[in-house]
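An overview of the molecular structure
One-letter residues, chain by chain:
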Amino acid sequence: QVQLVESGGGLAQPGGSLRLSCAASGSIFDIYAMGWYRQAPGKRRELVADITTSAGRTNYADSVKGRFTISRDNAKNTVFLQMNNLIPEDTAVYYCNAVKSGSDYVYDYWGQGTQVTVSS
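Each chain has its residues counted from 1, running along the sequence as written. Local features in this predicted model are restricted to residues of pLDDT 70 or higher, and side-chain atom pairs are both shown and tallied only at a pLDDT of 80 or more, whereas totals for entire chains, interfaces and linings draw on every residue. Only heavy atoms go into the side-chain values, all of them from the structure, while hydrogens and water stay out.

Where a protein is soluble and globular, its nonpolar side chains tend to be buried together. In terms of nonpolar packing, the biggest core is built from 30 residues, with Leu-4, Met-34, Trp-36, Leu-81, Met-83 and Tyr-94 touching the most fellow members. Counting only elements with at least two residues in this core, the list comes to strand 1 (2-7), strand 3 (18-26), strand 4 (31-39), strand 5 (46-52), strand 7 (68-73), strand 8 (78-83), strand 9 (92-102) and strand 11 (114-118). Only buried residues count toward a nonpolar core, which is a set of Ala, Val, Leu, Ile, Met, Phe, Trp, Tyr and Cys residues joined through side-chain atoms within 4.5 Å. Only protein chains enter the accessibility calculation, which uses a 1.4 Å probe; a residue whose area is less than 20% of its type maximum is buried, one above 50% is exposed, and one in between is partly exposed. Only DSSP runs of H or I reaching four residues or more are called helices, and only runs of E reaching two or more are called strands; each is numbered from the N terminus.

Structure (structure tokens):
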């Protein structure tokens, strides 16, 4: 079992910045990757960014490339999402995700979500 706790959401003005954090706990030894998804009202949940535990390989949605940066502290089992140059379209609930894998399984775990609102 993996528990994910997000923090750092809130209100920002267009052009502003926020930094999200997600701490993983529990049975985390085989987490392959962690990342962030978001879901805006009336829209599907979409991948924002993720990062692998071992190699630090990153992946970003086209809509956030050049503005958001994902990073991780493996020693603390924590991932971060630095969000710069925010635009109103970034408004959504952001969910932390962890992928846990072994020789015979692949599981997804989710945090409860943190609200990000970008508005003037």
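Back to the text.
Tracing the backbone shows Glu-6 in strand 1. The side chain of Glu-6 sits in the buried core without any salt bridge; Arg-45 is the nearest counter-charge, 8.0 Å away. Between N or O atoms, a polar contact is any pair within 3.5 Å; within protein, one atom must be a potential hydrogen donor and the other a potential acceptor, and residues adjacent in sequence are included only when both atoms are from side chains. At a separation of 3.2 Å, a polar atom in the side chain of Glu-6 contacts the main-chain amide nitrogen of Gln-112. One polar contact links the side chain of Glu-6 to the main-chain amide nitrogen of Gly-113, over a distance of 3.1 Å. Excluding residues that lie within four positions of it along the chain, Glu-6 makes contacts with Ser-21, Cys-22, Trp-36, Tyr-94, Tyr-95, Cys-96, Gly-111, Gln-112, Gly-113 and Thr-114. Positive charge is attributed to Lys and Arg, negative charge to Asp and Glu, and no charge count is given to His or to the chain ends. Salt bridges are counted wherever a side-chain nitrogen of Lys or Arg sits within 4 Å of a carboxyl oxygen of Asp or Glu. Note on contacts: a residue pair qualifies if any of its non-hydrogen atoms lie within 4.5 Å across the two residues.

Moving on, we get to the environment of Ser-27. As for its placement among the helices and strands, Ser-27 is situated in the loop between strand 3 and strand 4. Exposure remark for Ser-27: the relative accessible area of 24% places this residue in the partly exposed category. C-alpha separation for the pair Ser-27 and Gln-3, spaced 24 residues apart in sequence, amounts to 8.5 Å. Those residues in contact with Ser-27 that lie beyond four places of it in its chain are Gln-1, Val-2 and Lys-100. Within the local environment of Ser-27, its side chain forms a polar contact with the side chain of Lys-100, the two groups lying 2.9 Å apart.

On to the state of the cysteines. Note on terminology: disulfide denotes any pair of cysteine sulfur atoms within 2.5 Å. Applying the stated criterion across every chain, the model contains one disulfide. Bridging Cys-22 to Cys-96, the disulfide has an S-S length of 1.9 Å. One disulfide, between Cys-22 and Cys-96, carries an S-S torsion of -85 degrees and so falls in the left-handed class. With Cys-22 in strand 3 and Cys-96 in strand 9, this residue pair connects regions lying 74 residues apart in the sequence. Neither Cys-22 nor Cys-96 differs from the other in exposure class; each is buried.

Opposite charge on two side chains lets them pair, provided their charged atoms get close. Taken as a whole and assessed by the stated rule, the structure comprises five salt bridges. Arg-38 is the partner of Glu-46 in a salt bridge, and the nearest nitrogen-oxygen pair spans 2.8 Å. Looking at Arg-38, the relative accessible area reads 5%, which means it is buried. Here Arg-67 ties to Asp-90 by a salt bridge, and the two come within 2.7 Å at their closest N and O atoms. Note that Arg-67 is positioned in the loop between strand 6 (58-60) and strand 7 and Asp-90 in the loop between strand 8 and strand 9, a separation of 23 residues in sequence. For Arg-67, a relative accessible area of 13% gives the class buried. According to the relative accessible area criterion, Asp-90 is buried, its value standing at 0%.

Treat this as a map of the structure, not an account of what it does.
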